[in-house]
Amino acid sequence: MEKKYADLRAGLALLGLCLLAYFWLIPAQIKVKEDVAIGPEFFPRLLVICCGICAAGVAFEGAMGLKKEGKLKLSTFRNPANRVNYKSYGKHALLLASALAYLFVMPYTGFVIASVVFLTFLLMFFGHSKIGWCFLLSVIYVAAIYFIFTIAFKISFPKGPLGF
Amino acid sequence: MDILLETALQFVSIQVLLGIVAGVIAGIIGGGLPGISPSMTIALLLPISLYLPTPVAIGLMMGAYQGAMFGGSISAILINTPGTASAAATTIDGYQMALKGQSGKALKMALYASCTGGVIGTIILLAMAKPLSTIALKFGPPEYFGLMLLSLALIAGISGKSLLKGLASACIGLLLATVGMDPIYGTRRFTFRNINLSDGIQTLSVFIGVFALTELLSQLSQGRSALYKKADPLAVVDNKLSFKEYWSQRVNLVVSSIIGALIGVLPGIGGSTACFVSYAEAQRRSKHPEKFGTGVLEGVAAPEAANNAVAGGALVPLLTLGIPGDVVTAILVGALITHGIKPGPLLFIEDIGSVYTVYIAMFLAVIALLFVGQLGIPVFAKIVKLRKATLLPMILIICVVGTYASRGNLFDVVLMILFGAVGFTMNKNKFPIPPLIIAFVIGSQLETSLRQSLILSDYNISIFFTRPISLVLMIVSVVFCFFMVRRNRKLANKTTIVINDSGEKEEE
Amino acid sequence: MTRKNLAVCLALLALVPATLFAAPNFPAKPVEVIVGFAAGGGTHLAAELLSPEASKFLGQPIQVTCKPGAGGAIGATAVATARADGYTLLYATMSLPISLYMDSVDFSENDFVGVALASNVAPLMAVKADAPFSNAKEMKAWIAANPGKFSWSHPGVGSTLHVLGANMLFAMEVTKQVKEVPFKGTNEGISAVLGGHVTAVSSFPASVLEQVRAGKMKIIGVSSPVRIAELPNAPTFIEQGYNAILTSTRGVFAPKKTPKDVLAALDVAFGKIIQSPDFQKRAITLGEPAVYANAAEFDKMYREQCVMIKALLKEIGLTK
């Protein structure tokens, strides 16, 4: 049942996104070319329509499945056990947010410093407990990556006040 | 004949052989590091090759090419991160095999498949260069569109149980491919006035985000103590690859190699398309297609054979017409020119010795790959022995560095993180990811070829049906689509017992 | 000490910080040259030609970094916003003025100052060898007699070859009668022509040299004031009576605020690099002609190009 409900939810959400895309995103982002048969907006519109149809189909299948089980009722939607448990994704959100912060900080502190700090944080986040050990491993690993990529592959990383 | 012998003798020298081995090693490392593409690796070797004698230089480049095409599979299998765009399909089953404790087996299959693909690709190059290039020239925009349509049709097969979800994923992939400049009019689409999106979403941002980062996020669900556990030594179940297992793949390997070589022959299409088409085709041919994606040998053998065969194929237009068949051969042109070899229609007539040099270098490169790879695999496989709590953070850093390395742009890394979230959401809602990937890869060529064809035909659709090759491709696409949808229906009607998230048994 | 002596001492002391802050022998560390195009491509290889002599004439090595995207605009933006201390330079082609007017970019014409001209390539229009016309006049007549059949390819909207190709067709006054088909690169365009799918391609000489030599393609005209050395038998458009003489320049730029003495040092150094016999030899093997213009001349060229391109794009209809 949960799977059918999830399908219904996902289908509707995707359908909503497609509608948003078609009526707001595409007109906002693509300048329609007037005098041509197939302009830049043709393909995106077509794709959004197809995606919307598939999404509706997924939602429909979910709804039909629920109906077969006799669960297509308002009480199913109201049931808190069927809600998405956003709290359980706190760790994931934190991981992504910390990664974005790392990228934001990098142009100011330079690649090496930002990476050492971030990696130390990550090691602790993923289960280690000895911060000193994490820091040491970070320094070694980041240094190795830095040298391999800058010397062998001639990639230049963002530089901070210390020059690296 | 004398020229052939003369050229062959040039290769009987320590310097040349060392050059080839060095190239293979450089290629494997470059290919294995996510973000360092095969073209980057060869571009880096270019300045060095200028000072070397011609056979050594060409050996170096060929070794790097073949090495990189294998190297990508190493990180694909071990850390779910395609090391090169051509290893994206290998990631799907390769990583699953590693999770089952079969990383050594997967790596060995990848190596042997790569070598087999390299050999068959070179044989095709040798035997059929001229006729192939004539046929390749007949491929204009309508034919390219037909080919892309065929690739799309194969998606129907890799959609898993829900065709609708697979199609939705594919649509999303195609939409992602439209981000950037319109190919015909140059209009900006979905760029949010951000100059970094003018050329579209970078392939690596999507690949690394949707494979590696998504996996990272999924692993996070396990909790800190689970991740901190030492890797179970008993977890390494099966690291050997028997000859019987290799031999069981023979048809798969040959077909995939041919697919790879043929795709390589067409200018503008290369490893990333070939690996998916061969993967999807292997699944279509397989007696147990539903097992693809859970960690089957075919799923590793097919793309790896294909991407190494692409090298041989891409050299066909290069040597016969002077037109590179893919991004990597495009860089090779520069290298060849500086050594006094002028790739063009007159090459076979004026300088057949150089052509033989390339052929022999390719063969030797494949052999060198076999040896170097064998030595390297036990080393690479040790990575799985690390604790997840140590391995996963290190992977994240490599993902960041790799995504950054391709364009030197932090924005691409931000997108990579975004796609990690997208992939994670898709997984949770059971939307299959491979259709998104393949649609994204072929999306821009699909739309471009369609619109180019329509410009040429003054918006008359019949152009696709009046040209013979295009018509054949269209018909085959429809036929494939039909059969795969039918098989998909049969699969969907089979119910399976599955343990769902809360630990209860449920019917699916 | 007397008041006068004290004043003199203070004045001398004041000069000390001034000398300390003056550019302490530039360059003191490697100089980064940013290329706005993909690694391994023509522009990147042309930029790499500068590397080997750099240490000798500049005193420090050059590090070529590729920041591809938006037709060179991403690389240009990176240099426009970099610290103007002479350690970050741009290697750009005519795509720089083009992107200023065809594109919405975050930099303006005045954000850069020219340092040295390194290369100047002439574009041309090539067709398959068996095409029913062999020069510009015949081509124009054929287009008039066969409306809607002529198609030409270029490597993408906004690219140098797109603008220069459009310019050639504009000079021939056939713009409205031809079909424009963008491809992902010159090579795909050339195979399309060889395969008979597209009639003509706008390309630089290096890409079609071998095809012409093998007799598979022929040149309708070259956009250049005089005939080019690599193809002495190919007529120019101007000698056929059509005013298409624009060529594509490539050179080094520095951010506008770079101090004058740093610019002078760069001017001298690049002058030596580009005019050195080794550089010229390497350039010729890559199909690049050997040209040079110093900072003052190149900067003037750049300004003139900006004005000209702005008008040209409007005239041939690529911008409003």
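Higher on the page you've got the structure.
All values reported here derive from a predicted model rather than from experimental measurement.

Asks: Just give me the short version of the overall build of chain B, but keep the residues and values in it.
Replies: Looking only at helices and strands, one finds 22 helices and four strands in chain B. For 508 residues, the compact-globule estimate of 2.2 N^0.38 gives 23 Å, and the C-alpha radius of gyration of chain B, at 22 Å, lies within 12% of that figure. Here the C-alpha coordinates of chain B stretch approximately 75 × 60 × 50 Å along the principal axes. Long-range pairs, those at least 24 residues apart, make up 78% of the contacts in chain B with a sequence separation of at least 6. Accessible surface, chain B: about 18100 Å² in total, of which carbon and sulfur atoms supply 68%. Taking the average place of the 36 positive charges on the side chains of chain B and the average place of its 25 negative ones, the gap between the two points comes to 7 Å.

Asks: How would you summarise the overall build of chain C if you had to cite specific residues and measurements?
Replies: Summing up its helical and strand segments, chain C has 12 helices and 10 strands in all. Per-residue burial over chain C gives 55% buried out of 320 residues. Partitioning the contacts of chain C with sequence separation of at least 6, the portion at a separation of at least 24 is 77%. On chain C, roughly 13500 Å² of surface is accessible, and the fraction owed to carbon and sulfur atoms is 59%. Chain C carries 29 positive and 24 negative side-chain charges, and their two centres are separated by 2 Å.

Asks: Help me get a handle on the interface of chain A and chain B, residues and values and all.
Replies: Across the contact, 63 residues belong to chain A and 64 residues belong to chain B. Taken over both partners, the interface formed by chain A and chain B buries close to 5700 Å², and the fraction arising from carbon and sulfur atoms is 79%. Summed over the three residues of chain A that lose the most area to chain B, namely A:Phe43, A:Phe126 and A:Phe153, the buried surface amounts to 13% of that side. The interface formed by chain A and chain B includes one salt bridge. When the shortest N-O distance is used, the salt bridge between B:Lys165 and A:Asp7 registers 2.7 Å. Applying the counting rule to chain A against chain B returns 10 residue pairs in polar contact (both at pLDDT 80 or more).

Asks: Break down the environment of A:Phe147 for me, with residues and values.
Replies: Tracing the backbone shows A:Phe147 in helix H6 (residues 131-152). In this structure the C-alpha to C-alpha distance between A:Phe147 and A:Met106, which are 41 residues apart in sequence, comes to 17 Å.

Asks: Which residues make up the packing of aromatic side chains, and what values go with them?
Replies: With the rule as written, the count across this model stands at 29 aromatic pairs over all chains. With a centroid separation of 5.8 Å and 20 degrees between ring planes, the pair formed by A:Phe157 and B:Tyr404 is classed as stacked. Residue A:Phe157 is located in the segment after H6, and its partner B:Tyr404 is located in helix H18 (residues 388-407); the two belong to separate chains. Of the two residues examined, A:Phe157 and B:Tyr404, each falls in the buried class. Ring plane angle 50 degrees and centroid distance 5.0 Å describe the contact between B:Phe145 and B:Phe464, whose orientation is recorded as tilted.

Asks: Account for the packing of helix H13 (residues 271-285) of chain B against helix H14 (residues 297-321) of chain B, with residues named and values stated.
Replies: Residue and element names in this part refer to chain B. H14 packs onto H13 with a crossing angle of 145 degrees between their chain directions and a minimal axis gap of 8 Å. The handedness of the crossing between H13 and H14 comes out as right-handed. The residues of H14 that touch H13, namely those facing Gly271, Ala274, Cys275, Ser278, Tyr279 and Ala282, are Gly299, Ala302, Pro303, Ala306 and Val310. The residue inventory of the contact of H13 with H14, partitioned by class, reads eight nonpolar, three polar and no charged.

Asks: I'd like a description of helix H12 (residues 250-265) of chain B, backed by residues and values.
Replies: Since the α-helix turns once every 3.6 residues, residues separated by three or four places project in the same direction. Residue and element names in this part refer to chain B. Counted at 1.5 Å a residue, the expected span for H12 with its 16 residues is 22 Å, and the 23 Å between its end C-alpha atoms agrees. Listed as buried for H12 are Asn252, Leu253, Ser256, Ser257, Ile259, Gly260, Ala261, Ile263, Gly264 and Val265. Buried residues along H12 sit in contact with helix H6 (103-137), helix H11 (243-248), H13 and H14.

Asks: Talk me through the sheet that holds strand S8 (residues 200-203) of chain C; I want residue IDs and the actual numbers.
Replies: Residue and element names in this part refer to chain C. Spatially, the five strands line up as an open sheet ordered S7-S6-S8-S5-S9, and their pairing is mixed. Every other strand in the sheet has two partners, leaving strand S7 (179-182) and strand S9 (217-222) as the edge strands with one partner each. The sheet shows a mean angle of 30 degrees between the axes of neighbouring strands, taken without regard to direction. Here four bridges tie strand S6 (residues 151-154) to S7, and the two strands are oriented parallel to one another. The residue of S7 that forms the bridge with serine 151 is lysine 179. Contacts from helix H9 (residues 205-213) reach strand S5 (124-128), S8 and S9, with the element oriented near 140 degrees to S9.

Asks: Provide a residue-level description of the pairing of strand S2 (residues 62-66) of chain C, including the pertinent values.
Replies: Residue and element names in this part refer to chain C. The buried count for S2 comes to four of five residues, which makes it a mostly enclosed element. The sheet contact formed by strand S1 (residues 31-35) and S2 spans five bridges and is parallel. The residue bridging isoleucine 34 from the neighbouring strand is threonine 65, located in S2.

Asks: Please set out the nonpolar core residue by residue, giving values where relevant.
Replies: Ranked by internal contacts, the top residues of the largest apolar core, which has 214 residues, are A:Phe111, A:Phe126 and B:Phe276. Once residues within four sequence positions are removed from consideration, A:Phe111 is found in contact with A:Tyr102, A:Met106, A:Val142, A:Ile145, A:Tyr146, A:Phe157, A:Pro158, A:Phe164 and B:Val401.

Asks: Account for helix H3 (residues 38-50) of chain B, naming residues and giving values.
Replies: The first and last C-alpha atoms of H3(B) sit 18 Å apart over 13 residues, in line with the 18 Å expected at 1.5 Å per residue. Its axis deflected by about 25 degrees at B:Leu44, H3(B) carries its strongest bend there, up to four residues before the proline B:Pro47. For H3(B), a buried count of 10 out of 13 residues is recorded, marking the element as mostly surrounded by other parts of the structure. The set of residues buried in H3(B) consists of B:Pro38, B:Ser39, B:Met40, B:Thr41, B:Ile42, B:Ala43, B:Leu44, B:Leu45, B:Leu46 and B:Ser49. Residues of H3(B) that are buried in the fold lie against H6 of chain A, helix H2 (14-32), helix H4 (54-79), helix H15 (327-338) and H18 of chain B together with helix H2 (42-48) of chain C.

Asks: Quick rundown of the packing of helix H5 (residues 88-99) of chain B against H14(B)? Include the residues and the values.
Replies: Residues and elements named next belong to chain B. Where H5 contacts H14, the axes come no closer than 8 Å and their chain directions differ by 145 degrees. In this structure, the crossing between H5 and H14 has a hand that is left-handed. Note on element contacts: H14 touches H5 through Leu297, Gly299, Val300, Pro303 and Glu304, opposite Ala89, Thr90, Asp93, Gly94 and Met97. When its residues are assigned to classes, the contact of H5 with H14 shows five nonpolar, three polar and two charged.

Cut-offs and rules
Residues numbered from 1 in each chain as written. Chains lettered and ligands numbered in written order. Predicted model: local features only at pLDDT ≥ 70, side-chain atom pairs only at ≥ 80, totals over all residues. Heavy atoms only, no water. Helix = DSSP H or I, 4+ residues; strand = E, 2+ residues; numbered from the N terminus. Rg over C-alpha atoms; globule rule 2.2 N^0.38 Å. Contact = heavy atoms within 4.5 Å. Areas by Shrake-Rupley, 256 points an atom, 1.4 Å probe, with all protein chains shown as cover. Lys, Arg positive; Asp, Glu negative; His and termini not counted. Charge placed at Lys NZ, Arg CZ, Asp CG, Glu CD. Buried < 20%, exposed > 50% of the residue type's maximum accessible area, 1.4 Å probe, protein only. Buried area = accessible area lost by both parts, 1.4 Å probe. Salt bridge = Lys/Arg side-chain N within 4 Å of Asp/Glu carboxyl O. Polar contact = N/O pair within 3.5 Å; in protein donor to acceptor, adjacent residues only side chain to side chain. Phe/Tyr/Trp six-rings, centres within 6.5 Å; stacked < 30°, edge-to-face > 60°. Axes fitted to C-alpha atoms, helices over the stretch in contact; angles between N-to-C directions. Left-handed = near helix turned anticlockwise from the far one by under 90°. Nonpolar A, V, L, I, M, F, W, Y, C, P; charged D, E, K, R; others polar. Expected span 1.5 Å × (residues − 1). Pairing = 2+ DSSP bridges. Core = buried A, V, L, I, M, F, W, Y, C linked by side-chain atoms within 4.5 Å. Bend = angle between axes of the 7 residues up to and from the residue.

What is shown is where atoms sit, not what they do.
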